[in-house]
Amino acid sequence: MKLFSDIVLAVAISAFFCGGAADAHDIPDPVLNRSREMAAKYLSIEVAKADGYQQLFECTTHDEHGTMGVHFIHPGRAGDGKLVLGEPDVLTYEPEPDGSMQLVGMEYIVFEKDWKGKGVPEFLGRTLQRKTTVGVHPVDPYYELHVWHWRHNPAGMFADWNPYVSCEHDMS
């Protein structure tokens, strides 16, 4: 255990002296690990669909910032006004050349009208962002937090867009 804590401390110190904070991809976090473990069943899009996820839009991309992927939303979870670790509201998939979908990330969301807490929601140690669009699609105001568990994101684990994800093979 001492070796593990020394490694974590070394990563944090080197990030500090290199002029930036270590990315969440680089620092072990038991809550983030649990989030990823609980959602790993959705690596199979068929399991996600059987569990109630439905495609929201075509693959969402941005000319400068990267891609979010194809959003699959769970209407019951997204509209319940809660943020639950093991129940991601949205899953994001990257279309593959063979027509399959690869899970790359997920989002925790809560619609503004459903949020019963005080102020802006916080989850996983982060303040959620208020949004009124998904890419170019207008939607009711909501708060969201992206988590790129299955695809490294050089912009950060919680960034909206990921330049390492592509819509090149989207057929929707």
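Before reading further, recall that the structure is shown in the block above.
Only a predicted model underlies this, so the values are computations on that prediction, with no experimental measurement involved.

The rules behind the values
Residue positions within a chain follow its written sequence, with the count starting from 1. Confidence filtering applies because this is a predicted model: local features only for residues at pLDDT of at least 70, side-chain atom pairs given and counted only at 80 or more, and all residues used for totals across whole chains, interfaces and linings. Neither water nor hydrogens contribute to the side-chain values; these are computed over all heavy atoms in the structure. By definition, any uninterrupted DSSP run of H or I lasting at least four residues is a helix, any uninterrupted run of E lasting at least two residues is a strand, and each is numbered from the N terminus. Exposure classes here rest on a 1.4 Å probe applied to the protein chains alone. A residue is buried below 20% of its type maximum, exposed above 50%, and partly exposed in between. Should any heavy atoms of two residues lie within 4.5 Å, those residues are counted as being in contact. In what follows, salt bridge is the name for a side-chain nitrogen of Lys or Arg lying within 4 Å of a carboxyl oxygen of Asp or Glu. Planes of paired rings set the category: under 30 degrees apart is stacked, over 60 is edge-to-face and the rest tilted, where pairs are Phe, Tyr or Trp rings (Trp by its six-membered ring) whose centres lie within 6.5 Å. Put simply, buried Ala, Val, Leu, Ile, Met, Phe, Trp, Tyr and Cys residues joined by side-chain atoms within 4.5 Å make one nonpolar core. Read the arc as the range of directions from the helix axis to the C-beta atoms. Counting of polar contacts relies on pairs of N or O atoms within 3.5 Å, with two restrictions inside protein: one atom must be capable of donating a hydrogen and the other of accepting it, and residues adjacent in sequence are counted only when both atoms are side-chain atoms. Sulfur atoms of two cysteines make up a disulfide when they are within 2.5 Å.

1. Comments concerning the overall build of the chain
And step 1. Assigned secondary structure in the chain consists of four helices and nine strands.
And step 2. Residues classed as buried in the chain amount to 43% of the 172 residues present.
And step 3. When contacts within the chain are restricted to residue pairs at least 6 apart in sequence, long-range pairs at least 24 apart make up 52% of them.

2. As for the pattern of salt bridges
And step 1. Under the definition given, this model contains seven salt bridges.
And step 2. Residue Arg34 pairs with Glu37 through a salt bridge whose shortest N-O separation is 3.8 Å. One end of the pair is Arg34 and the other is Glu37, both in helix H2 (residues 30-39) and three residues apart, which spans about a single turn.
And step 3. Across the pair Glu144 and Lys131 runs a salt bridge, and its minimum N-O distance is 3.8 Å. One end of the pair, Glu144, is in strand E9 (residues 137-147); the other, Lys131, is in strand E8 (residues 129-134), and 13 residues separate them in sequence.

3. Here we look at the packing of aromatic side chains
And step 1. This structure, assessed with the given rule, holds four aromatic pairs.
And step 2. Here Tyr42 and Tyr53 contribute two aromatic rings whose centre-to-centre distance is 5.0 Å and whose plane-to-plane angle is 70°, an arrangement assigned as edge-to-face. A residue pair is termed long-range when its members are at least 10 positions apart, and Tyr42 in the loop between H2 and helix H3 (45-50) and Tyr53 in the loop between H3 and strand E1 (54-55) qualify at 11 residues. Each member of the pair, Tyr42 as well as Tyr53, is classed as buried.
And step 3. Pairing Phe72 with Tyr93 gives two aromatic rings, centres 5.5 Å apart and planes at 80°, and the pair type is edge-to-face. In this pair, Phe72 is assigned in strand E3 (residues 66-73) and Tyr93 in strand E4 (residues 90-95), connecting sequence segments 21 residues apart.
And step 4. The class for Tyr93 is buried, based on a relative accessible area of 0%.

4. With respect to the nonpolar core
And step 1. Ranked by size, the top nonpolar core spans 27 residues in total, and within it Tyr42, Leu91, Tyr93 and Val147 carry the most contacts.
And step 2. Breaking this core down by element, the ones donating at least two residues are H2, H3, E3, E4, strand E5 (101-111) and E9.
And step 3. Those residues in contact with Leu91 that sit more than four places away from it in its chain are Tyr42, Ala48, Tyr53, Val70, His71, Phe72, Leu103, Gly105 and Met106.
And step 4. Of all hydrophobic cores here, the second largest spans eight residues; its members include Ile73, Val90, Phe111 and Val134.

5. Here we look at the environment of Met106
And step 1. For Met106, the position within the fold is in strand E5.
And step 2. Aside from chain neighbours lying at most four places away, what touches Met106 is Ser35, Ala39, Pro88, Val90, Leu91, Thr92, Leu145, His146, Val147, His149 and Trp150.

6. Section: H2
Since there are 3.6 residues in each turn of an α-helix, residues three or four apart along the chain are aligned in direction.
And step 1. For H2, the set of buried residues is Leu32, Ser35 and Ala39. The buried side chains of H2 occupy one side of the element, clustering within an arc of 55° when seen end-on. H2 presents Pro30 and Glu37 as exposed residues on the side facing more than 90 degrees away from its buried surface.
And step 2. Residues of H2 that are buried sit in contact with E5 and E9.
And step 3. The opening residue of H2 is Asp29, an N-cap whose side-chain oxygen sits 2.8 Å from the backbone nitrogen of Val31.

7. A word on unusual backbone geometry
And step 1. Not every positive phi belongs to a glycine, and Leu124 is a case in point at roughly 55°.
And step 2. With respect to the helices and strands, Leu124 occurs in the loop between strand E6 (122-123) and strand E7 (126-127).

8. Focus on the state of the cysteines
And step 1. According to the stated counting rule, one finds one disulfide in the structure shown.
And step 2. Shown here is the disulfide that connects Cys59 with Cys167, its sulfur atoms set 2.0 Å apart. Disulfide Cys59-Cys167: the torsion about the S-S bond is -80°, which places it as left-handed. Residue Cys59 is located in the loop between E1 and strand E2 (60-62), and its partner Cys167 is located in the segment after E9; the two are separated by 108 residues in the primary sequence. The burial state of Cys59 is the same as that of Cys167; both residues are buried.

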